[in-house]
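# Structural characterization, general
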Amino acid sequence: MSVSQILAAAPMPPLPESLAARLDAAMLAEAREGAPVIDLAARRRIKMQRVFAVAAAVTVVSGAGVAVSNGALDVGSDAGPASLLWGRSPVPVASSDRLPLVTSDTRYQEATLAAQVEEQLNRSGSVPAGTVPDRLLDCVKSVAGASARVLLVDNAWFDGREATVIVVSDRSDGTLAYAVGAQCSAQEQDLFATVPIPG
């Protein structure tokens, strides 16, 4: 038998009456001074609820991860890997006039366009969708296709000219960035450059 088992089996010694009286008097004095009484059972319940909540959250996240990796949970057949890499979901241009729109005034250059776009995606995080002018919406559809899924539309500069950089995610082509000029519309692309974005 271990020491813990021996101690657990031993009977509790009686509390001396003088000590019990002192404890009762101290607790009565605390109560009279307005000291809060702590319900230990309630505290234990709260702690257990927190433990169960954390365990439930871990279970849900783990289960979703397993479901995604096994293909049981569809995360969007058109959403390319870039939507997960940059913490954003692409917006289908065909069903919305609200796209993730920023005006960064970045000075994009043809030689470094891919790296600059990747940096902008990482810097801007999740961009709220904003209403884009019809001409720009037509431009996005003209350049990237009516089924494009947009990650970012950035009003900026390209090789010293005013430009818009459009970043789209496509399962077949990956992530592409298009730099277009101010004349881009449904009739004219005014395309300066197209580059794949590694991801």
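Residues numbered from 1 in each chain as written. Predicted model: local features only at pLDDT ≥ 70, side-chain atom pairs only at ≥ 80, totals over all residues. Heavy atoms only, no water.

On to the environment of Gly174. Turning to its location among the elements, Gly174 is positioned in strand β6 (residues 174–180). What makes Gly174 partly exposed here is its relative accessible area of 25%. As a C-alpha pair, Gly174 and Pro198 span 24 residues in sequence and 8.2 Å in three-dimensional space. Discounting residues that sit within four places of it in the chain, Gly174 has contacts with Val168 and Ser169. (Helix = DSSP H or I, 4+ residues; strand = E, 2+ residues; numbered from the N terminus. Buried < 20%, exposed > 50% of the residue type's maximum accessible area, 1.4 Å probe, protein only. Contact = heavy atoms within 4.5 Å.)

A word on the state of the cysteines. Summed over all chains, the structure comprises 1 disulfide. Between Cys139 and Cys184 runs a disulfide, and the two sulfur atoms are separated by 2.0 Å. Disulfide Cys139 to Cys184: torsion about the S-S bond roughly 95 degrees, handedness right-handed. Of this pair, Cys139 sits in helix α6 (residues 134–144) while Cys184 is found in the loop between β6 and β7 (191–197), placing the two residues 45 residues apart along the sequence. Here Cys139 and Cys184 have matching classes, each one buried. (Disulfide = S-S within 2.5 Å.)

Here the focus is the packing of aromatic side chains. Within the structure shown, the criterion is met by 1 aromatic pair. Measuring from centroid to centroid gives 5.7 Å for Phe158 and Phe192, while their planes differ by 10 degrees, and the two rings are stacked. Of this pair, Phe158 sits in strand β4 (residues 149–158) while Phe192 sits in strand β7, placing them 34 residues apart in sequence. Phe158 gets classed as buried once you look at its relative accessible area, which sits at 1%. Its guanidinium or amino end placed over the ring of Trp157, Arg107 lies 4.5 Å from that ring's centre, counting from NZ or CZ. One residue, Arg161, lies across the ring of Phe192, its end atom 4.0 Å from the ring centre. (Phe/Tyr/Trp six-rings, centres within 6.5 Å; stacked < 30°, edge-to-face > 60°. Lys NZ or Arg CZ within 6 Å of the ring centre and 35° of its normal.)

Strand β5 (residues 161–170) sits mainly inside the fold: 7 of its 10 residues count as buried. Between β4 and β5, which pair antiparallel one after the other, the connecting turn spans 2 residues, and Asp159 there sits at a positive phi close to 50 degrees. The sheet contact formed by β5 and β6 spans 7 bridges and is antiparallel. Residue Val168 lies in a different strand from β6, and its bridge partner there is Leu176. (Pairing = 2+ DSSP bridges.)

What follows concerns the pairing of strand β2 (residues 98–108). When β2 meets strand β3 (residues 129–131), the two strands line up antiparallel, connected through 3 bridges. In the sheet register, Pro100 faces β3, and the bridge partner there is Ala129.

Taken together, Leu15, Leu19 and Leu23 make up a surface patch of nonpolar side chains, about 260 Å² in accessible area. Note on placement: Leu15 falls in the loop between α1 (3–9) and α2 (17–32). (Patch = residues over 30% accessible without salt bridge, like charges linked within 9 Å, V, L, I, M, F, W, Y side chains within 5 Å. Areas by Shrake-Rupley, 256 points an atom, 1.4 Å probe, with all protein chains shown as cover. Salt bridge = Lys/Arg side-chain N within 4 Å of Asp/Glu carboxyl O.)

One non-glycine residue with positive phi stands out, namely Asp105, at about 55 degrees. When its relative accessible area of 46% is taken as the criterion, Asp105 is described as partly exposed. Non-glycine residue Asp190 carries a positive phi angle of around 50 degrees. When you line up the elements, Asp190 lands in the loop between β6 and β7.

Turning next to α6. By the burial criterion, the buried members of α6 are Leu136, Leu137, Cys139, Val140 and Val143. In an axial view of α6, the angular spread of the buried residues amounts to 155 degrees, which keeps them on one side of the axis. If you follow the buried residues of α6, they end up packed against β2, β4, β5, β6 and β7. Downstream of α6 by a residue or two, Gly145 has a phi angle that is positive, lying close to 100 degrees. (Arc of directions from axis to C-beta.)

Geometry only, nothing functional implied.
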